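# Secondary and tertiary structure notes
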Amino acid sequence: MALPPGTRIGAYEITSPLGAGGMGEVYRAKDSKLKREVALKVLPAEVANDRERMARFQREAEVLASLNHPNIAAIYGIEEGPAKTGHHIGADVASGFSRTTALVMELVEGEDLAERLKRGVIPIDEALPIAKQIAEALEAAHEQGIIHRDLKPANVKVRPDGTVKLLDFGLAKALDEPKGSSPQGLENSPTITSPAMTMRGMILGTAAYMAPEQAKGKAVDKRADIWAFGVVLYEMLTGARAFKGDDATDIITSVMRDTPDWGALPPATPPAIRTLLERCLLKDPRQRLRDIGDARLFLDDRAPADGAGAGAGSRSKWTLALAAALGVALMGLAASLYGGSGPAGAVPMHLSMTFADGSQPQKGQPMPSLALSPDGRTLVYTAGGGPEGTQLWLRHLNDVAPIPIPGTGGSGFTTTAIARQVFFSPDGKWIGFVVGGNVIKKMPVTLGPATTICDVFDGVRGATWTDRSEIVYATSSGSLGLWRVADSGGTPVRVADGVFYAPDAVPGGAAVIVTTGNNAVKRSTGDLTVAAVTLATGAVTKLFDGGTFARYVPTGHVVFARDAALMAAPFDAASLVVGDARTKVVDDLWMDPAVASSNYALSSSGTLVYAAGTAAEFQRTIVALDRERSTPLVKERRYYAETIISPAGDRIAAVERALEDRIWIIDVARETFTPLTSGKVGLESDPVWAPSGREIAFDGTILGGASGVYVAPVDGSQTETLVYASNNGPVPTSWTPDGRQLVFTERNANTGLDLMLLSRDQGGAIRPLLQTPFDEGHGMISRDGALIAFQSGRSGRAEIYVSPFPSMQGATQVSIDGGQFPVWATDRRRLYYRNQRQVMAVDLSAGVAGASRPVSVARFVSTYPNAFVDPMPDGRFLALEGANVAALTELRVIVNWFTELRDKVR
């Protein structure tokens, strides 16, 4: 029953009704104590009289009251007591009082979006600021673990000054679970199950904004809010609902089955907003936009669909220059897309493209980590600071802000989700990429859902898209060779046996240019060969020695990297014959000395993008790190990639990556370097000291021979011994205290990364230690052998867990906000791990159940960020210090570069 004006609930006097819904009746009221107007939400009787639901509501309200954001309607308190409907205190209780519970909230003036939408479409310039404020409110709530669950136009108020206020945050969750209900059931949708919401319009209104997983009655998270946000934004821009039907059942069916009518969007809708809507309304929550905070990147890009009207204030100086240059470069686009050579005589323009923190392209990738679309307008690249960790980013060259591509990333140990090795289709409509090194996928350049082309268990060393609708790729282990598969998917077909890298399609689709040669042991470009492979026959035609990352250029040339320079030679694509000239065309090309790779990309229209630099930046220093400073331990700088301290703290095992991979034993006091191995094993990585300090386990590969886990004595008394042969990427991480067993990680085709155990006293017997559907690894046994710490992606990101060893019965998460590389302290039961750019410590002296909250014990702002940090006996940490070679702050851009190429190479 509605409460009449004049009714008092505690200190609040109702002045008028405001509305009613599944969450209760809402009234305007006066606060007699603070002399202000408030909104009172009077809870339904079935809630107020249910102790369990009221206790839940009280807890939720306490959390919601902590939200302090300008776009969220504030909660002032809860008022309980009789609603005094008469004016005489002595009146009969049965006729004059009723027990009432009300939520006291901020009174927000203005109309809600549902009322506004009755007047028609909301113009883009009005809709986008509203959407941005909604996103900012959701982001603030999601950061505190609060989801709305009932976002819809009726819960969005717009004040006369344009300020947006979101209402009913969390109340759906607080009120929707009747006593004894299942938290996973359809009753989680309060507006469908609540008796107060059985009116036809109410049902339709809420069902239309439900995410598919919510409509199915599944547990929901913040991605359900992201879906609802997309539906609301779509409705603002089109004036129509994204999902329609005559009743709730029809609407839910539409939510599950239908795609919104994207043609209903206004023609002037910015491309970024179209992309945002598509990413919000993906039915699979795993593919959906992961974080509503990312929506701001799209909402801030308001360039019109036709590119007109961009103000000077929205572009940096370089972007304006680049946009003008692209206009010149693209004049000859039609001639250059398929075998053309760009506008002859066009003036080259040299520009710089800068990147902010978090969106910086990565260096050091053994395969191409950036690609240009054929028209030269769009750059796609790998960066490590995205909302999903390391992921793909898209940047239109005439825009300032890059866009993270959702669904292409993973952080920490969840490397199986990370997309790299990017390439474009010949028509520029599709982006191809390799996920986790083992799955080839494609995605429309509009950033729609990705589809799988094929699985490659042997790993990928580069891929290219031919104009015969095929993907050609090279495998990195196991069945080494060159393969092709239809770009629509299917069974791959082997083209040729051998060691190939970074294939690039030649026009016509009959052949690809590749890098080949045994670079598993030697990695200088002098050991590599550029060749052409005919796809129909598998015939390999040698072009020349001493080059890598070769690319066909439609001017009739092949370009390739050699010794920190980009070289070019004349090339006839029809006959696969290369000319004699070898000419340097770029003299400051960055090259990684560890893998003889470089970062550059070419478009068919004549734009070159490349990373500039020198190999010297890869040299690093071995340091001892504490909370305040780093102190050099070894004076000589080298291309160190990994370091680990001996149990006694007097020696260091260091992996050096340069012309060859070697593990060195460094005597810290004397600063002497002694090779651990014979030099016959290549790709030596991941050294692990045995507890005795007398031998080291590591993983390595002999091309054409055995790959797997090796053990070598530190004193050089004998050569390394292969203790476990495997092509599935085994990585040793820890010994048992007695040195008889070795923990390692290995990839399984069905379960991903697993923890494995090798028993040396049982003839090298191997058994799974932890095998789950999630990636798990870096298992580290405690000094007393009772526990094992490991990192796992079971929560969706890398976190640190601890289990009893060897039973593995139960796992307790001990990290907060992510973690990598767990390692035990040398003197007590303390566990360290990496979190971003700091070392965290967890005290387990009281047992796993009594683990303390992690605290930061060391930071390394200037330290090489991707290296393992190892505790030393004196309490400091062994680390590597050097330039952050994992990211670039700048790329060089040359528009109309083909003119320079023609002038230099005749």
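None of these values were measured; they are calculated from a predicted model.

Moving on to the overall build of the protein chain. Secondary structure summary: the protein chain contains 16 helices and 60 strands in total. For the protein chain, buried positions account for 56% of its 906 residues. For the protein chain, the proportion of contacts with a sequence separation of at least 24, taken over those separated by at least 6, is 50%.

Moving on: the pairing of strand E56 (residues 838–843). As a general feature of sheets, a regular strand has side chains that alternate between the two faces. Counted residue by residue, E56 has five buried out of six residues, so it is predominantly covered. Bridging between strand E55 (residues 830–835) and E56 involves six bridges; their strand directions are antiparallel. If you follow Tyr833 over to E56, its bridge partner there is Met840. Between E55 and E56, which pair antiparallel in sequence order, lie two residues; one of them, Gln836, sits at a positive phi of approximately 55°.

A few words on the pattern of salt bridges. In total, this model carries 29 salt bridges according to the counting rule given. Arg116 is the partner of Glu126 in a salt bridge, and the nearest nitrogen-oxygen pair spans 3.5 Å. One end of the pair, Glu126, is in helix H5 (residues 124–143); the other, Arg116, is in helix H4 (residues 113–117), with 10 residues separating them in the sequence. Residue classification places Glu126 among the partly exposed positions, given a relative accessible area of 34%. Here Asp545 ties to Lys542 by a salt bridge, and the two come within 2.8 Å at their closest N and O atoms. Exposure remark for Lys542: the relative accessible area of 53% places this residue in the exposed category. Members of the salt-bridge network, linked through shared partners, are Arg28, Glu37 and Glu109.

With that settled, consider the sheet that holds strand E51 (residues 787–792). Ordered in space as E50-E51-E52-E53, the four strands form an open sheet in which the pairing is antiparallel. Of all the strands in the sheet, the pair left with one neighbour each is strand E50 (776–781) and strand E53 (812–813). The sheet contact formed by E50 and E51 spans four bridges and is antiparallel. Across the sheet, residue Glu776 finds its bridge partner in E51, namely Ser792.

A separate point is the packing of aromatic side chains. The tally for this structure, following the rule as stated, stands at 12 aromatic pairs. A ring pair is formed by Trp664 and Phe673, whose centres lie 6.4 Å apart and whose planes are at 75°; its orientation type is edge-to-face. Relative accessible area serves as the criterion here: at 19%, Trp664 is assigned to the buried category. Assessed through its relative accessible area of 18%, Phe673 is described here as buried.

To continue, consider helix H11 (residues 248–257). Because each turn of an α-helix spans 3.6 residues, side chains separated by three or four positions in sequence point in the same direction. Those residues of H11 not exposed but buried are Ala248, Ile251, Ile252, Ser254 and Val255. Buried residues of H11 fall within an arc of 155° about the axis and therefore sit on the same side. Exposed residues lying more than 90 degrees from the buried face of H11 are Thr249 and Arg257.

Here we take up the confidence of the model for the protein chain. Within the protein chain, residue pLDDT values average 80, and 80% of them lie at 70 or more. Throughout residues 86–97 the model reports pLDDT below 50, and contacts reaching past four residues in sequence, or to other chains, amount to 13 contacts. Considering only residues more than four positions removed or in separate chains, one finds that residues 519–526, a stretch of pLDDT under 50, has 32 contacts.

Ile134, Phe229 and Leu233 are the most contacted members of the largest nonpolar core, which has 84 residues in total. The dominant element in this core, judged by the number of residues it contributes, is helix H10 (residues 222–238), at 11 residues. Non-local contacts of Phe229, meaning those with residues more than four positions away in its chain, are made with Ala131, Ile134, Ala135, Leu138, Leu151, Leu276, Cys280, Ile292, Ala295 and Leu299. Formed by 24 residues, the second largest nonpolar core is a distinct cluster that contains Leu625, Val848, Val869 and Phe877.

Rules used throughout
Residues numbered from 1 in each chain as written. Predicted model: local features only at pLDDT ≥ 70, side-chain atom pairs only at ≥ 80, totals over all residues. Heavy atoms only, no water. Helix = DSSP H or I, 4+ residues; strand = E, 2+ residues; numbered from the N terminus. Buried < 20%, exposed > 50% of the residue type's maximum accessible area, 1.4 Å probe, protein only. Contact = heavy atoms within 4.5 Å. Pairing = 2+ DSSP bridges. Salt bridge = Lys/Arg side-chain N within 4 Å of Asp/Glu carboxyl O. Phe/Tyr/Trp six-rings, centres within 6.5 Å; stacked < 30°, edge-to-face > 60°. Arc of directions from axis to C-beta. pLDDT = per-residue confidence, 0-100. Core = buried A, V, L, I, M, F, W, Y, C linked by side-chain atoms within 4.5 Å.

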